[in-house]
Amino acid sequence: MRNKKKIFMLAMDALFLAVIIIMTFTPLGFVTLFGIVSNTLIHIPVLIGALLFGWKRGLVYGIFFGLCSMFKAITSPIGILDPYFVNPLVSVLPRAIFGLLSGLLFDFIKRLPRKVNIPLLYVSMFVMTVLHTIITLGILSLVNLTEISALAGEYYGGVFLFIWAVLITNGVIEGGLAVLVAPSAYLPLKTFLNRKYKMDIK
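Starting from 1, residues in each chain are numbered consecutively following that chain's sequence as written. Only residues with pLDDT of 70 or above have their local features reported here, since the model is predicted, and side-chain atom pairs are shown and tallied only from 80 upward, although totals for entire chains, interfaces and linings are computed over all residues. Side-chain figures throughout are based on the complete set of non-hydrogen atoms in the structure, without hydrogens or water.

A. Region of interest: the packing of aromatic side chains. Working definition: a ring pair exists when centres of Phe, Tyr or Trp rings (six-membered ring for Trp) sit within 6.5 Å. Plane angles under 30 degrees give stacked, over 60 give edge-to-face, the rest tilted. Here the structure, examined in full by the defined rule, presents three aromatic pairs. When the centroid spacing of 6.0 Å and the interplanar angle of 80° are considered together, the rings of Phe16 and Phe53 count as edge-to-face. One end of the pair, Phe16, is in helix H1 (residues 2-24); the other, Phe53, is in helix H2 (residues 43-53), with 37 residues separating them in the sequence. Each member of the pair, Phe16 as well as Phe53, is classed as buried. By way of ring pairs, the aromatic residues Phe16, Phe53 and Tyr61 are connected into one cluster. The ring centre of Phe65 lies 4.3 Å from the NZ or CZ of Arg95, which sits over that ring. Only DSSP runs of H or I with at least four residues qualify as helices, and only runs of E with at least two residues qualify as strands; both kinds are numbered from the N terminus onward. Think of it in three bands: with a 1.4 Å probe and only protein chains considered, a residue is buried below 20% of the maximum accessible area for its type, exposed above 50%, and partly exposed in between. Our definition puts a charge over a ring when NZ of Lys or CZ of Arg is within 6 Å of the ring centre and also within 35 degrees of the ring normal.

Next comes the structure, spelled out in structure tokens:
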């Protein structure tokens, strides 16, 4: 039984990692606004994986998300900020933190009574997406403070306006998309896995 579960989880990992790869290298994963900021939707399978399987898978999928975005930044940058994502501190570390924290938060929320945890899961998807943007932006700015300050002054008139612009165009928009898409995939998957494979997913 334990071996079957390991094989099943390997299959699930392969599926989620394949989805992340497909989204990274097709228009499904990135949308660029005004040639400046790349909006990413790849956080959504990370959220779904963390919801289904907990913080360990959230961490693994988050790291893989970061590695894919780093590789894309190296091979085919599409936004003006993308060259900074060749640094794993900017591309991988924030996504690893995002996946880990998402899984820990979801694990906690799912222990609460159902009438409470369902609406909280929706809210937490939005919050974690915005937090992902804040963490990524914060690390990006710390690692490349001089360059980002100059860039913000050129395109936005200052760092403060730059931060708000990215939070709105990335965090809020991506958070709304996560709330729309993630539950519609998570709930049927949870029901299917519980019935078909006798998983105990809350």
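B. Representation of the pattern of salt bridges. Each salt bridge in this description consists of a side-chain nitrogen of Lys or Arg and a carboxyl oxygen of Asp or Glu lying within 4 Å of one another. Under the criterion given, the structure shown has one salt bridge. The salt bridge partner of Asp13 is Arg57, with a shortest N-O separation of 2.9 Å. Taken together, the residues Asp13 in helix H1 and Arg57 in helix H3 (residues 55-75) connect sequence positions 44 residues apart.

C. Main features of the packing of H3 against helix H5 (residues 93-109). Angles run from 0 to 180 degrees between N-to-C directions of axes, and those axes are lines fitted to C-alpha atoms, restricted for helices to the stretch in contact. Direction vectors running N to C along H3 and H5 enclose 155°, while the axes themselves pass 7 Å from each other. As the angle between them shows, H3 and H5 are arranged roughly antiparallel. Along this stretch, H3 crosses H5, giving a crossing that reads as right-handed. Residues Trp55, Gly58, Leu59, Gly62, Ile63, Phe65, Gly66 and Ser69 of H3 form the contact with H5, whose participating residues are Arg95, Ala96, Gly99, Leu100, Gly103, Leu104 and Asp107. Roughly parallel means an angle under 35 degrees; roughly antiparallel, over 145; roughly perpendicular, 65 to 115; everything else is oblique. The hand of a helix crossing depends on one turn: near helix anticlockwise from the far one by less than a right angle means left-handed, and clockwise means right-handed. By the convention used here, residues are in contact when the closest approach between their heavy atoms is within 4.5 Å.

D. Broad picture of the side chain of Arg95. Relative to the elements of secondary structure, Arg95 occurs in helix H5. In this structure, Arg95 is buried with no salt-bridge partner, the nearest side chain bearing the opposite charge being Glu174 at 7.4 Å. We call two N or O atoms a polar contact when they sit within 3.5 Å, provided that within protein one can donate a hydrogen and the other can accept it, with sequence-adjacent residues counted only if both atoms are side-chain atoms. Within the local environment of Arg95, its side chain forms a polar contact with the side chain of Ser69, the two groups lying 2.7 Å apart. Residues within four places of Arg95 in sequence aside, it is in contact with Gly62, Phe65, Gly66, Ser69, Phe85, His132 and Thr136. Note on charges: Lys and Arg go in the positive column, Asp and Glu in the negative column, and His and the chain ends are not counted at all.

E. Up close: the nonpolar core. Here the nonpolar core consists of buried residues drawn from Ala, Val, Leu, Ile, Met, Phe, Trp, Tyr and Cys, with membership extended through side-chain atoms lying within 4.5 Å. Grouped together as the largest cluster of nonpolar side chains are 31 residues, with contacts concentrated most on Leu52, Phe53, Phe106, Leu193 and Met199. Those elements that provide at least two residues to this core are H1, H2, H3, H5, helix H6 (114-143) and helix H8 (159-196). It is H2 that contributes the most residues to this core, eight residues altogether. Setting aside residues up to four positions removed in sequence, Leu193 forms contacts with Phe8, Met12, Leu52, Phe53, Lys198, Met199 and Ile201. Residues Leu81, Phe85, Leu151 and Val166 belong to the second largest nonpolar core, which totals twelve residues.

F. A look at the environment of Phe98. Mapping Phe98 onto the fold places it in helix H5. On a C-alpha basis, the gap between Phe98 and Ile135 in space is 8.0 Å, while along the polypeptide they are 37 residues apart. Excluding its chain neighbours within four sequence positions, the residues that come into contact with Phe98 are His43, Val46, Leu47, Met128, Thr129 and His132.

G. Seen up close, the confidence of the model for the chain. The pLDDT value expresses, per residue, how confident the predictor is, ranging between 0 and 100. Residues with a pLDDT of 70 or more make up 92% of the chain, whose mean pLDDT is 87. Mean pLDDT across the elements of the chain bottoms out in strand S1 (residues 30-33) (61) and peaks in H5 (97).

H. Molecular detail of the environment of Met125. If you trace the backbone, Met125 turns up in helix H6. On the accessibility criterion, Met125 (2% relative accessible area) is buried. Note: C-alpha distance between Met125 and Ala14 (111 residues apart in sequence) is 23 Å. The contacts of Met125, once residues within four sequence positions are left out, are Leu47, Leu51, Phe106, Ala178, Val179, Ala182 and Pro183.

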